[in-house]
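A closer look at the structure
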Amino acid sequence: MFRFDQLIRRDMIIRDVKQHHPETIEIFENLHFRTPCDDCDIETVARKNGLNVRDVVDALNQAAFGPSQDTEKHASN
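Thresholds, definitions, all that
- Residues numbered from 1 in each chain as written.
- Predicted model: local features only at pLDDT ≥ 70, side-chain atom pairs only at ≥ 80, totals over all residues.
- Heavy atoms only, no water.
- Helix = DSSP H or I, 4+ residues; strand = E, 2+ residues; numbered from the N terminus.
- Buried < 20%, exposed > 50% of the residue type's maximum accessible area, 1.4 Å probe, protein only.
- Contact = heavy atoms within 4.5 Å.
- Phe/Tyr/Trp six-rings, centres within 6.5 Å; stacked < 30°, edge-to-face > 60°.
- pLDDT = per-residue confidence, 0-100.

Attention now goes to the side chain of H21. On the secondary structure map, H21 appears in the loop between α1 (14-20) and α2 (25-30). For H21, a relative accessible area of 15% gives the class buried. Filtering out sequence-adjacent residues up to four positions away, H21 remains in contact with Q6, I8, A64 and F65.

As enumerated under the stated definition, the model contains one aromatic pair in all. For the ring pair F28 and F33, a centre distance of 5.3 Å and an interplane angle of 55° mean the geometry is tilted. Judged by relative accessible area, F28 falls into the buried class, the value being 0%.

We now examine the confidence of the model for the protein. Mean pLDDT over the protein stands at 87; residues scoring 70 or higher make up 83%. Of the regions scoring below 50 in pLDDT, residues 68-77 engages in one contact with residues more than four places distant in sequence or in other chains.

Inspection of the secondary structure puts H32 in the loop between α2 and α3 (42-48). Residue H32 is classed as exposed on the basis of its relative accessible area of 62%. Once the C-alpha coordinates of H32 and V45 are considered, the two residues, 13 residues apart in sequence, prove to be 9.8 Å apart.

If you want it as C-alpha cells, here you go:
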C-alpha cells in the first residue's frame, strides 16, 4: 500500500532523493541541478535556479511513483 509519508518533499536533501529514487536523477539533470548541489535541499536549489518548487517536487514524485503505480494497476487487470 502506498503511504503519503513516502512522497518526496521540498525539504529533502537531493543526494538522499537520488539514492532512494534513482529514477529521479534524469529529472534533476533536465532541470540543471548540478552535482555540487546534492547536499542541499530541493527547495533551495529550485529557488536559486528560478524554478517553481511545487512543479519540481511534482515532477520528482511522478518520476519516482507515477509509472510504477500505473504498471501495477495494468498488471492486476
